[in-house]
Amino acid sequence: MAKVGVITFLSLLLVIIVSSFTVVEALGGRTPINDVKNNKEVQELGRFSVEEYNRRRQGRLRHNGGGSSTAALVFSQVVEAEKQVVSGIKYYLKIKAMQGGLTKTFESVVLVKPWVKSKDLLNFSPSTQ
């Protein structure tokens, strides 16, 4: 009878250990974010990405002493998103934005470190897809 209890306990322990590996596997890997259009945090990160891109671009133009006829981007919405746990949370966003009356798609990477209340735009570029 004691043997059955030990076997049951070990079986249960094995199930717990195996199921925890799927959680650990997700750490460091990208995971899709569902219902992106209704996710306020993701939409705010998309807006931040576009605003930060515009701010940096404007700074580069001023620094180089010239202007450009290219209009600033206007945020529309994030249409796809993934996140990755690193030393913070790295968000991979696909963003729709308007430029000169045309809707264009961009890809953005934002690193958020909530414990220091920081977010940093790591990359912003036209989408290749």
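What this report covers is the structure whose coordinates are included nearby. (Residues numbered from 1 in each chain as written. Predicted model: local features only at pLDDT ≥ 70, side-chain atom pairs only at ≥ 80, totals over all residues. Heavy atoms only, no water.)

### Things to note about the environment of Ile95
Note the cut-off: Elements are defined by DSSP. Helices are runs of H or I of four residues or more, strands are runs of E of two residues or more, and each kind is numbered from the N terminus. Any two residues having at least one pair of non-hydrogen atoms within 4.5 Å are treated as being in contact.
Along the chain, the position of Ile95 falls in strand β3 (residues 88-99). Each C-alpha atom of the pair Ile95 and Phe124 lies 9.7 Å from the other, and the pair is 29 residues apart in sequence. Here Ile95 is in contact with Gly46, Ser49, Val50, Phe75, Gln77, Val78, Lys104, Thr105, Phe106, Ser108 and Phe124, once residues within four sequence places are set aside.

### Re the packing of aromatic side chains
Under the convention used in this document: Only the six-membered ring of Trp is used, alongside the rings of Phe and Tyr, when aromatic pairs are assigned; centres must lie within 6.5 Å, and planes under 30 degrees apart are stacked while those over 60 apart are edge-to-face, with the rest tilted.
Here the structure, examined in full by the defined rule, presents two aromatic pairs. Taking 4.7 Å as the distance between ring centres and 25° as the angle between the ring planes, the aromatic pair formed by Tyr53 and Phe124 counts as stacked. Linking Tyr53 in helix α2 (residues 40-63) with Phe124 in strand β5 (residues 118-126), this pair joins segments that are 71 residues apart in sequence. Ring centres of Phe106 and Phe124 lie 5.2 Å apart, and the angle between their planes is 20°; this geometry places the pair in the stacked category. Here Phe124 lies in strand β5 and Phe106 lies in strand β4 (residues 102-113), a separation of 18 residues in the sequence.

### Observations regarding the sheet that holds β3
Our working definition: Two strands qualify as a pair provided that DSSP identifies no fewer than 2 bridges between them. For every element, the axis is a line fit to its C-alpha atoms; helices are fit only across the contacting stretch, and the angle between N-to-C directions ranges from 0 to 180 degrees.
Ordered in space as β1-β2-β3-β4-β5, the five strands form an open sheet in which the pairing is antiparallel. Two strands close off the open sheet at either side, each with one partner strand: β1 (30-32) and β5. When the angles between neighbouring strand axes are averaged without regard to direction, this sheet yields 30°. The pairing of β4 with β5 spans eight bridges and is classified as antiparallel. Considered in β5, the bridge of Val110 is made with Leu121.

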